[in-house]
Number of protein chains: 2
Amino acid sequence: MNRRNTPTKEAVLNLLMNSRKALSQDAIERQLDIEINRATIYRVLNRFCEDGIVHKIVAEDGKQYFAICKKCENPQEVIQPHFHFRCLSCDTIECLQVPVECSVPNGYEVQNANCVLTGTCNDCS
Amino acid sequence: MNRRNTPTKEAVLNLLMNSRKALSQDAIERQLDIEINRATIYRVLNRFCEDGIVHKIVAEDGKQYFAICKKCENPQEVIQPHFHFRCLSCDTIECLQVPVECSVPNGYEVQNANCVLTGTCNDCS
DNA sequence: GTATTATTGCAACTTATTCGCAATAAAATA
DNA sequence: TATTTTATTGCGAATAAGTTGCAATAATAC
Ligand SMILES: [Mn+2]
Ligand SMILES: [Mn+2]
Ligand SMILES: [Zn+2]
Ligand SMILES: [Zn+2]
């Protein structure tokens, strides 16, 4: 399935690239200048994920957040799982450059990790 | 607000205590012999959380899972955050006895952690 | 310029969780 | 034990996040 360039795709990608934070669908919709349908935003984001341009974080609020990480600059390279930090005060999520290291019991095989610390960020403390 | 003993409370607590895994609301409802309303199960679980008897894990499927951990035997003691493992094959979550250690940038304060590794468990690999 | 098909918008749907409210039943009190 | 108090429950409705079917639109290839 070949990908096409569209204003929507551009706009969402720009937002994510210029954001220091991971963004949720509604945050993206709010911050966009052009109006884009909710379902479309999700579809664009999921495509980015499939293509390895973006990664998805699920927070304890049950919502999905999307971020471009440093490593994503080079999509060839596999993004290694890292911690995320969610500030309860300003309700933003950011990638920490701390890799997740956790030894699992024998016979267990780790494929992915979703790790989110919560608390107060520097701006809010 | 004083807590009362009810068959519902007992049943749910028993299930959790005898389960090696963290359970979601629907898993609990399925496994119970007595019929308990969905909303009630959530309320019971949330009360357990408030009381420190149970802790909640949110997985990347966006669902809440509830577990009694070793440390919870002594509710006085604060449960230290630990990793969890979700098996994509048998769709269960269990507590790993691996504490979450992650250094955060200056000025950041960690209050809680929600860390879930995904993959295949020993039974399923 | 035309054909192909990826992308979009819309509305409807699903699934998880919560909430209001009246009925029920623990536990405290008389 | 009978009565009172109020925590707990069940029900239905509401909320919220995310997905899906479908027809219309518009990139891209030819
Ligand atoms: Mn990240
Ligand atoms: Mn646990
Ligand atoms: Zn903050
Ligand atoms: Zn398994």
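Please refer to the structure higher up on the page.
Residues numbered from 1 in each chain as written. Chains lettered and ligands numbered in written order. Predicted model: local features only at pLDDT ≥ 70, side-chain atom pairs only at ≥ 80, totals over all residues. Heavy atoms only, no water.

1. A look at the pairing of strand S1 (residues 55–58) of chain B
All names here are of chain B. Here S1 pairs with strand S2 (residues 64–67) via four bridges, running antiparallel. By the bridge assignment for S2, lysine 56 is matched with phenylalanine 66. As consecutive antiparallel partners, S1 and S2 are separated by five residues, and within that stretch glycine 62 has a phi angle of approximately 80 degrees, a positive value. (Pairing = 2+ DSSP bridges. Helix = DSSP H or I, 4+ residues; strand = E, 2+ residues; numbered from the N terminus.)

2. Considering the protein's contact with DNA strand C
Surrounding DNA strand C, one finds 23 residues, the nearest of these being A:Thr6, A:Thr40, B:Arg38, B:Tyr42 and B:Gln64. Looking at DNA strand C alone, sugar and phosphate atoms form 64% of those within 4 Å of the protein. In this structure, a base nitrogen belonging to DNA strand C sits 2.9 Å away from a side-chain N or O atom of A:Arg43. B:Gln64 is positioned such that a nitrogen or oxygen atom in its backbone is 2.6 Å from a phosphate oxygen of DNA strand C. Sorting the residues of the surface near DNA strand C by element identifies helix H3 (38–50) of chain A together with helix H3 (38–50) of chain B as the ones contributing at least two each. Looking at the surface near DNA strand C residue by residue, the class counts come to six nonpolar, eight polar and nine charged. (Near = heavy atom within 4 Å. Polar contact = N/O pair within 3.5 Å; in protein donor to acceptor, adjacent residues only side chain to side chain. Nonpolar A, V, L, I, M, F, W, Y, C, P; charged D, E, K, R; others polar.)

3. Some thoughts on the relation of the copies chain B and chain A
Each copy of the sequence occupies a distinct position, and chain B is placed on chain A by a rotation of 180 degrees and an axial shift of 0.0 Å, giving an RMSD of 0.1 Å. Look at the turn and shift together and you get a two-fold axis relating the two. No C-alpha of chain B approaches the rotation axis more nearly than that of B:Cys115, which lies at 2.0 Å. Comparing contact sets, 100% of the residues at the interface of chain B also lie at the interface in chain A, consistent with an isologous, same-surface contact. (Least-squares fit on C-alpha atoms with pLDDT ≥ 70 in both. Contact = heavy atoms within 4.5 Å.)

4. Points about the coordination of the zinc ion (ligand 4)
Residue and element names in this part refer to chain B. Donor atoms from the polypeptide that coordinate the zinc ion (ligand 4) comprise Cys87 (SG), Cys90 (SG), Cys121 (SG) and Cys124 (SG), at 2.2 to 2.5 Å from the metal. Around the zinc ion (ligand 4), the four donor atoms are arranged such that angles at the metal cover 103 to 120 degrees; this shape is classified as tetrahedral. For the zinc ion (ligand 4), all donor residues lie on one chain, and their spacing in sequence is C-x2-C-x30-C-x2-C. Under the relative-accessibility criterion, cysteine 87 is labelled buried at 1%. (Donors = N, O, S within 2.8 Å, 3.2 Å for Na, K, Ca; no water. Tetrahedral: all angles 85-135°; square planar, octahedral: opposite > 155°, others 65-115°. Buried < 20%, exposed > 50% of the residue type's maximum accessible area, 1.4 Å probe, protein only.)

5. Describing the protein's contact with DNA strand D
Taken together, the neighbourhood of DNA strand D is formed by 23 residues, with A:Tyr42, A:Gln64, B:Thr6, B:Thr40 and B:Arg43 sitting nearest. Close to the protein, within 4 Å, the atoms of DNA strand D are drawn from sugar and phosphate at a rate of 61%. Within the side chain of A:Arg4, a nitrogen or oxygen atom sits 3.0 Å from a base nitrogen of DNA strand D. Here a phosphate oxygen of DNA strand D sits 2.8 Å away from a polar atom, N or O, in the side chain of B:Thr40.

6. Structural notes on the side chain of A:His55
Mapped onto the elements of the fold, A:His55 is located in strand S1 (residues 55–58). A polar contact of 3.2 Å, which involves the side chain of A:His55, links it to the side chain of A:His82.

7. A look at the state of the cysteines
In the structure shown here, the tally under the stated rule is zero disulfides over all chains. In this structure A:Cys115 is not part of a disulfide, and its nearest cysteine sulfur, from B:Cys115, lies 3.8 Å away. Judged by its relative accessible area of 1%, A:Cys115 is buried. (Disulfide = S-S within 2.5 Å.)

8. Focus: the coordination of the manganese ion (ligand 1)
All names here are of chain A. Within the first shell, the manganese ion (ligand 1) binds the protein through His55 (NE2), His82 (NE2), His84 (NE2) and Cys95 (SG), at distances of 2.0 to 2.3 Å. Spacing between the donor residues of the manganese ion (ligand 1) along the chain follows H-x26-H-x1-H-x10-C. Pair noted here: histidine 84 is in strand S3 (residues 82–87) and cysteine 95 is in strand S4 (residues 92–99), with a separation of eleven residues, a long-range link. On the accessibility criterion, histidine 84 (5% relative accessible area) is buried.

9. Overview of the pairing of S4(A)
Successive side chains on a regular strand alternate, one facing one side of the sheet and the next facing the other. Residue and element names in this part refer to chain A. S4 sits mainly inside the fold: six of its eight residues count as buried. Of the strand pairs in this sheet, S3 and S4 are connected by five bridges, and their pairing is antiparallel. In the sheet register, cysteine 87 faces S4, and the bridge partner there is threonine 92.

10. Structural notes on empty space enclosed by the protein
Residues and elements named next belong to chain B. The final tally for this structure, using the stated rule, is one cavity of 30 Å³ or more. Roughly 40 Å³ of internal volume is contained in the largest cavity. Taken together, Arg3, Lys9, Val44, Arg47, Phe48 and Asp51 make up the full set of residues lining the largest cavity. By residue number, the principal contributor to the lining of the largest cavity is H3, which donates three residues. Of the residues assigned to the lining of the largest cavity, the class counts are two nonpolar, no polar and four charged. (1 Å grid on protein atoms, 1.4 Å probe; cavity = no way out; pocket = protein on both sides within 12 Å on 5 of 7 lines; lining within 4 Å. Points joined across faces, edges and corners; volume = space filled by probe spheres on them.)

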